[in-house]
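Below are the chains, spelled out letter by letter.
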Amino acid sequence: MTTSSTMAGHSPPIEIDIGSDIWALAFTVNGKYLVRGEKETVRVLRMKDRKQMATMRTRSAQCLAVSKDGRWIAAGTWLGDVIVWDTKTYKEAFALKKDDLGINGVDFSPDSARLVAASSNHTAIVWDSALRKQVQTLRHEGTKSVRVWDSNDGCLLVDIPLKATALLWFNNHLYVISDSAIKQFEASTGSVGSEWPVSDAGDRSCIALPKHGEFIAYSTKRTITFWDTSTDSQLGVFQHTQDIRSIALSHDDRFLVIGGEGKKTTIKSVSGITNSIPMSPLHTTFQKYDFWIDDAALEQDQLAKADALLTEAIHESRDASHDVLAGRAVVRVRLQQWDAALVDAEMVLVALLSHTLALTLIEVKAINVQPSVFGYIAKSMALVGKGEKHKGYQACDMAFERFHSSHGTFILLIKAIIVFMAGEQRGAISRAGDLIATVQLNSICYVVQAYMYLLLGNSQMETSDYEGAIQSFEHARDQMRYHTSRPLFVVSLISGWKFDDLGIMIRRHLCEALYAAGRTKDAVECFCKMEETRLHGEHLEWAHDFSKRSFNVFKHLGDTAVDAQRYEEAISHYSTALSLNPPSPQDVLAKRIKAFMATGCWKQAADDANQLITLDPLSSRGYEMKHAALYKAGDYDNAVDVLEAMLSKLAQAPDPEVQQLCDRYISPSSTRATIRKIVHRTIRHSPRVLINTTAGRLHDRAEQASAFETSSIFNKLVSSMTTRIDYVRIKREVRQYFRYVMLSHRWEENE
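None of the values given here were measured: they were computed from a predicted structure. (Residues numbered from 1 in each chain as written. Predicted model: local features only at pLDDT ≥ 70, side-chain atom pairs only at ≥ 80, totals over all residues. Heavy atoms only, no water.)

Novice: Explain helix H5 (residues 374–385) to me, using residue names and the numbers behind them.
Specialist: Residues separated by three or four positions in an α-helix point in the same direction, a consequence of the helix having 3.6 residues per turn. The first and last C-alpha atoms of H5 sit 16 Å apart over twelve residues, in line with the 16 Å expected at 1.5 Å per residue. Within H5, eleven of the twelve residues are buried, which leaves the element mostly enclosed by the surrounding structure. If you check which residues of H5 are buried, you get Phe374, Gly375, Tyr376, Ile377, Ala378, Lys379, Ser380, Met381, Ala382, Leu383 and Val384. Taken from the residues just after H5, Gly387 is the one with a positive phi, measuring 95 degrees. (Helix = DSSP H or I, 4+ residues; strand = E, 2+ residues; numbered from the N terminus. Expected span 1.5 Å × (residues − 1). Buried < 20%, exposed > 50% of the residue type's maximum accessible area, 1.4 Å probe, protein only.)

Structure representation (structure tokens):
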């Protein structure tokens, strides 16, 4: 596999040669991996360095889906198979044979609990992802309609009469290619919304939309066309060198990935498209690629490289845009090279003056003069970095005066960030709150304010103000909105603040603050809510460490409570420890069983013992504890069954040492035989026939012995003896049971 790329603002497309035609493309939820369906394989590619992570064998994977929780990758093939792989191991989790016809589409439900596959025989089969069994069949007779079903009960909700060659569901809208047009329908009613004319619509036509639906990308043959969804106007056209079979947008909506014939995957920037869409009051309508640097500049260790590339671009180009110089100023601010950043920023601002006042300056001959906001932003940040914060604020205010009509809200948000960086954290948070209250489309403001609360909480943690940190992290959690857009990327580029996995980071820090404040149970509750999300990388390592620490704390608290005979408190602590899903919970389970037994909670003790048996079926501990719980509950029959099951399991174990454990126990059959012998010796000197005072019937000796074995006394004796036979107790119980009296009676004449 070979790759080639360049790093520049208007860089050529990246082409990845994989030696096979591409049939389908899909991104993982976090956008870090690209999944490709090919003729013989499904491959997983890491986007940041285009390294191949996995190759899964299959035949003709023509459609792909990645579950929303990131756990599964599903592929549908021309041969009618659906294959599902686990993303942790990239091993096949299960395979489903749909039918002999090809699978046209696969997808997961939003909660990842169900997988649906549609085939050429006009049916869609729904499977339960966890149970891996079919739960529903939806039939779609005919080919000239689009139908919407309720996935819970299979009820048909909407039937739209038209023939579709491609279909996309987005935010309760259907986007359908039909009759040389892309048509938008309300999914709940089937009513028509917008419509965009297209040409050459065929079976291989594809649609893609970014997360916020600002534009539509449509591919057919070798052409990709873009439309603005708000104005229905065409934004641009890409021409491709080979026939296209699949397209997909990257996680940040900045790149379009193209697959098809020609054995190459092509990655093209769509910044020229996205920059021309006024998405919201926060959208910055930049005319060029923002700083001529890409995501690498977000990494601190890549900033020096970005500075060198920008310097090279300035020196080599005779008509370099002043945006390049402004970009270098921002990079140097990030590097804390305040004086160098100020020089670049002042050059940009002088260029602006030369544009406004028609001045001619030697220093700015090479600058292609255009209005820019970033010179002011870079100057403001550099001045604040040098400790001259009021001059820095003035530079930001000047930017607002000059550019408020196009970038007003954006500049106000950046100023809030600069104020925060100047140490006025509360004031900055208040400024962000004002923007939230006044800006109509304000989700980016929520994200920035949440990040401010996160940083404030971190500083409070450093001073051991744990309660203050908890409040800050809780505010961050409450303000957090999941948002991805070009403006947020620009904010990150300017500030160095990373918004990836922000929601996870906030909960991580909240857990640690609660833990540090001694509110360990609240910390665990917060942590368990995090487990609903899919943790990865450093977050997963932290989760393992936090879980281990918290588990040990609650295990110790439980042990302390048991020593003080506070068993209900111990149960609570052990339960909290077990809620952390430790890798080896057997010891704590056993301790909770003992605590349940001490409080007379026999059923709960038996339920825990069942878990213990499941976790370690070749250990006698779980069986012994379940036997004890059932015996205490008076369920003697089931207690005996547990003892017999344990002996059978141990005897069949492959390990001879485990088999030898059987020698420690007395089998119920041996106990029964011993009791029967004692019964026989006891009743052999009794009268041959006695009246059973309970049943009122005559019983001979055999019937007397049989009646005894159906009594609770017999079962209690059998179930009570596990490691030795208590002859004294058996004799005492038998003699007590078989007591009798003899009565004499003289018959009277009238009887």
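Novice: Talk me through the sheet that holds strand E13 (residues 123–128); I want residue IDs and the actual numbers.
Specialist: In space, the four strands of this open sheet follow the order E11-E12-E13-E14, with antiparallel pairing throughout. Two strands close off the open sheet at either side, each with one partner strand: strand E11 (103–108) and strand E14 (133–139). On average, each strand axis in the sheet is tilted by 20 degrees relative to the strand beside it, whichever way the strands run. Where E13 and E14 come together, six bridges link them in antiparallel fashion. The residue bridging Ala124 from the neighbouring strand is Leu138, located in E14. (Pairing = 2+ DSSP bridges. Axes fitted to C-alpha atoms, helices over the stretch in contact; angles between N-to-C directions.)

Novice: Describe in detail the packing of aromatic side chains, supporting the description with residues and values.
Specialist: Using the criterion set out here, one finds 15 aromatic pairs in the structure. Ring geometry for Phe420 versus Trp497: centroids 5.7 Å apart, planes at 85 degrees, classification edge-to-face. Here Trp497 lies in the loop between helix H10 (486–495) and helix H11 (502–516) and Phe420 lies in helix H6 (residues 389–421), a separation of 77 residues in the sequence. The exposure classification of Phe420 matches that of Trp497, with both residues buried. Directly above the aromatic system of Tyr515 lies the positively charged group of Arg549, at a separation of 5.1 Å from the ring centroid. (Phe/Tyr/Trp six-rings, centres within 6.5 Å; stacked < 30°, edge-to-face > 60°. Lys NZ or Arg CZ within 6 Å of the ring centre and 35° of its normal.)

Novice: An account of the side chain of Asp128 is requested, with residue identities and associated values reported.
Specialist: Within the element layout of this structure, Asp128 appears in strand E13. Summary of buried charges: Asp128 has no salt-bridge partner, and the nearest side chain of opposite charge, Arg114, is 5.3 Å away. If we skip the residues at most four places from it in the chain, Asp128 touches Ala113, Lys133 and Val135. (Lys, Arg positive; Asp, Glu negative; His and termini not counted. Salt bridge = Lys/Arg side-chain N within 4 Å of Asp/Glu carboxyl O. Contact = heavy atoms within 4.5 Å.)

Novice: Would you mind going over the pairing of strand E6 (residues 51–57) in detail, with residue names and values included?
Specialist: Strand direction decides the pairing type here: strand E5 (residues 41–46) and E6, joined by six bridges, are antiparallel. Bridge pairing in E6 links Leu45 to Gln52. Counted along the chain from E5 to the antiparallel partner E6, the turn is four residues long, and its residue Arg50 has a positive phi close to 55 degrees.

Novice: Please provide a residue-by-residue account of the pattern of salt bridges, values included.
Specialist: Overall, the coordinates contain 25 salt bridges when judged by the stated rule. Measuring nitrogen to oxygen at the nearest pair gives 2.8 Å for the salt bridge that ties Lys386 to Asp339. Here Asp339 lies in helix H4 (residues 338–357) and Lys386 lies in the loop between H5 and H6, a separation of 47 residues in the sequence. Residues Arg477 and Asp478 are paired through a salt bridge, measuring 3.3 Å at the closest nitrogen-oxygen approach. Residues joined in a network through salt bridges with shared partners are Asp307, Arg328, Arg332 and Asp344.

Novice: Kindly report on the nonpolar core, identifying the contributing residues and their values.
Specialist: Of all hydrophobic cores here, the largest spans 100 residues; its most connected members are Met452, Val491, Ile494, Phe499 and Leu502. Ranked by residue count, the leading element in this core is H6, at 13 residues. Excluding residues that lie within four positions of it along the chain, Met452 makes contacts with Ala416, Ile417, Phe420, Ala428, Ile429, Ala432 and Trp497. (Core = buried A, V, L, I, M, F, W, Y, C linked by side-chain atoms within 4.5 Å.)

Novice: Could you give an account of the packing of helix H20 (residues 668–683) against helix H22 (residues 712–720), naming the residues involved and the relevant values?
Specialist: Each pair of packed helices can be described by the angle between their axes along with the distance between the axes. Contact geometry for H20 and H22: axes closest at 9 Å, N-to-C directions at 130 degrees. As far as their axial angle goes, H22 and H20 are oblique. Note on packing geometry: the crossing formed by H20 with H22 is right-handed. Together, Pro668, Thr671, Arg672 and Ile675 of H20 and Phe714, Leu717 and Val718 of H22 make up the contact between the two elements. (Parallel < 35°, antiparallel > 145°, perpendicular 65-115°, else oblique. Left-handed = near helix turned anticlockwise from the far one by under 90°.)

Novice: An account of the side chain of His539 is requested, with residue identities and associated values reported.
Specialist: Residue position: His539 is located in helix H13 (residues 537–563). The class of His539 is buried, set by a relative accessible area of 5%. For His539, the side chain forms a polar contact with the side chain of Arg508, separated by 3.1 Å. With near-sequence residues (within four places) excluded, His539 lies in contact with Asp501, Ile504, Met505 and Arg508. (Polar contact = N/O pair within 3.5 Å; in protein donor to acceptor, adjacent residues only side chain to side chain.)

Novice: Quick rundown of the sheet that holds strand E22 (residues 215–220)? Include the residues and the values.
Specialist: Across the sheet, four strands lie side by side as E21-E22-E23-E24; this open sheet has antiparallel pairing. The open sheet has two edge strands, strand E21 (206–208) and strand E24 (234–239), and neither has a second partner. Recorded for the sheet is a direction-independent mean angle of 20 degrees between the axes of neighbouring strands. As paired elements, strand E23 (residues 223–228) and E24 share five bridges and run antiparallel to each other. Bridge pairing links Trp227 to Gln234 in E24.

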